[in-house]
Amino acid sequence: MQDMALTWRRQGQIVGLVPTMGFLHEGHLSLVRLARAQSKVVVLSLFVNPTQFGANEDLDRYPSNIERDLAYCEAEGVDVVFMPKADEVYAEDASVFVQEQKLSQGLCGMSRPIHFQGVLTVVAKLFNLCLPDLAVFGEKDAQQLRLIRRMVRDLNFPVEIISGPIVREEDGLAMSSRNSNLSEAERGEALVLRKSLLAIVDAKTFGERNVKRLRAMVEEFLREATLGTLDYLEFVDDETLEPVGHIEDRPVLVAMAVQFPSARLIDNIVLT
Ligand code: AMP
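Residues numbered from 1 in each chain as written. Predicted model: local features only at pLDDT ≥ 70, side-chain atom pairs only at ≥ 80, totals over all residues. Heavy atoms only, no water.

*Asks:* Honestly, the site of the ligand in this entry has me stumped. Any pointers?
*Replies:* With respect to spatial proximity, 17 residues lie near the ligand, and among them His28, Gly138, Asp141, Val167 and Met175 are the closest. One of the backbone nitrogen or oxygen atoms of Met21 is found 2.9 Å away from an oxygen atom of the ligand. Here a nitrogen atom of the ligand sits 2.9 Å away from a polar atom, N or O, in the main chain of Met175. Protein contacts shield 93% of the accessible area of the ligand, which totals 480 Å² for the unbound molecule. Put simply, the parts of the chain that give the shell around the ligand at least two residues each are strand S1 (15-20), helix H2 (26-38) and strand S4 (134-138). (Near = heavy atom within 4 Å. Polar contact = N/O pair within 3.5 Å; in protein donor to acceptor, adjacent residues only side chain to side chain. Areas by Shrake-Rupley, 256 points an atom, 1.4 Å probe, with all protein chains shown as cover. Helix = DSSP H or I, 4+ residues; strand = E, 2+ residues; numbered from the N terminus.)

This is the structure we're talking about:
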């Protein structure tokens, strides 16, 4: 992979990278199209990165359909699908990792303490392996996107980070590979994330700016609407990811995670 990337670089070809864990859906493909629009060579990496999963998480149950993924990639004009094995990516005695110390503390970092170290390390490795000029990530993983931008800034990676909006199912559920693990009943309840976020937007439109009251409103709704448990609902400054108590003029990222028996789902919205 690196040899090929070095050749492209010497030839002056613009390389766009789309990192994924596979089981592709329209959300991933929308990122491929963003990469395609700006690159001569599009690389899609397909790697279920073990270091970003905690011990009790769903690494073993992460869905996969390589044949279908490759067909999607071909149809979208992806030039290279980079599909390394875990033992090719990590030396057995690997001892250097990328750790971020501020933006990674809250939100998903609270319930998944080693998650972002795994994400940033693998993204740094993918940048070094694929040598992209640009890389595309989804707003679906809002905290991840902000952390990657921070890593690129703080470690001077010569990679432009492009983001794509959240792609949703017709009923509003954010597309996710993990949705396929949901039972029928859970799939019905999964809409509570989107509904909660839209209720917050509505309440804000009607003048409610107090985060405590907005959170109480959503907690009450969730108690009635789902058996899933709220992992977190946070209102944070969109740039610093510091919690806010009151919505003022600066953009506020509202991010949430709900744990269902078969999958943990996330969603978010930025209040501007
Ligand atoms: P994953 O395969 O879940 O690790 O996701 C790979 C990339 O696709 C990440 O940058 C995600 O943020 C992005 N992504 C996943 N789901 C969506 C979606 N519904 N809309 C837009 N981007 C997404």
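*Asks:* Explain the pattern of salt bridges to me, please; I cannot follow it from the model alone.
*Replies:* It is possible for side chains bearing opposite charge to pair when their charged atoms get close. All chains considered together, the criterion is met by 14 salt bridges. With a shortest N-O distance of 2.6 Å, Glu57 and Arg112 are connected by a salt bridge. With Glu57 in the loop between strand S2 (41-46) and helix H3 (66-75) and Arg112 in the loop between helix H5 (108-111) and helix H6 (115-130), the pair connects residues that are 55 residues apart, well separated along the chain. Where Arg213 meets Glu208, a salt bridge forms, and the shortest distance between an N and an O atom there is 2.9 Å. Relative accessible area serves as the criterion here: at 22%, Glu208 is assigned to the partly exposed category. One network of salt bridges, in which partners are shared, links Glu26, Arg33 and Glu76. (Salt bridge = Lys/Arg side-chain N within 4 Å of Asp/Glu carboxyl O. Buried < 20%, exposed > 50% of the residue type's maximum accessible area, 1.4 Å probe, protein only.)

*Asks:* Even after reading the chapter, I still don't get the sheet that holds strand S6 (residues 229-237), so can you show me in this structure?
*Replies:* In sheet architecture, strand pairing relies on hydrogen bonds along the backbone and comes in two forms, parallel and antiparallel. On the basis of which strands lie adjacent, the open sheet formed by three strands has the order S6-S7-S8 and antiparallel pairing. The two strands at the open ends of the sheet, each matched to only one other strand, are S6 and strand S8 (264-271). Across the sheet, the mean angle separating the axes of adjacent strands is 10 degrees when strand polarity is ignored. Sheet topology note: the strand S7 (residues 252-259)/S8 ladder contains eight bridges and is antiparallel. When the sheet's bridge partners are listed, Ala255 is paired in S8 with Asn268. Contacts between helix H10 (residues 211-225) and the sheet are confined to S6 and S7, with S6 contributing the most and set at about 160 degrees to the helix. (Pairing = 2+ DSSP bridges. Axes fitted to C-alpha atoms, helices over the stretch in contact; angles between N-to-C directions. Contact = heavy atoms within 4.5 Å.)

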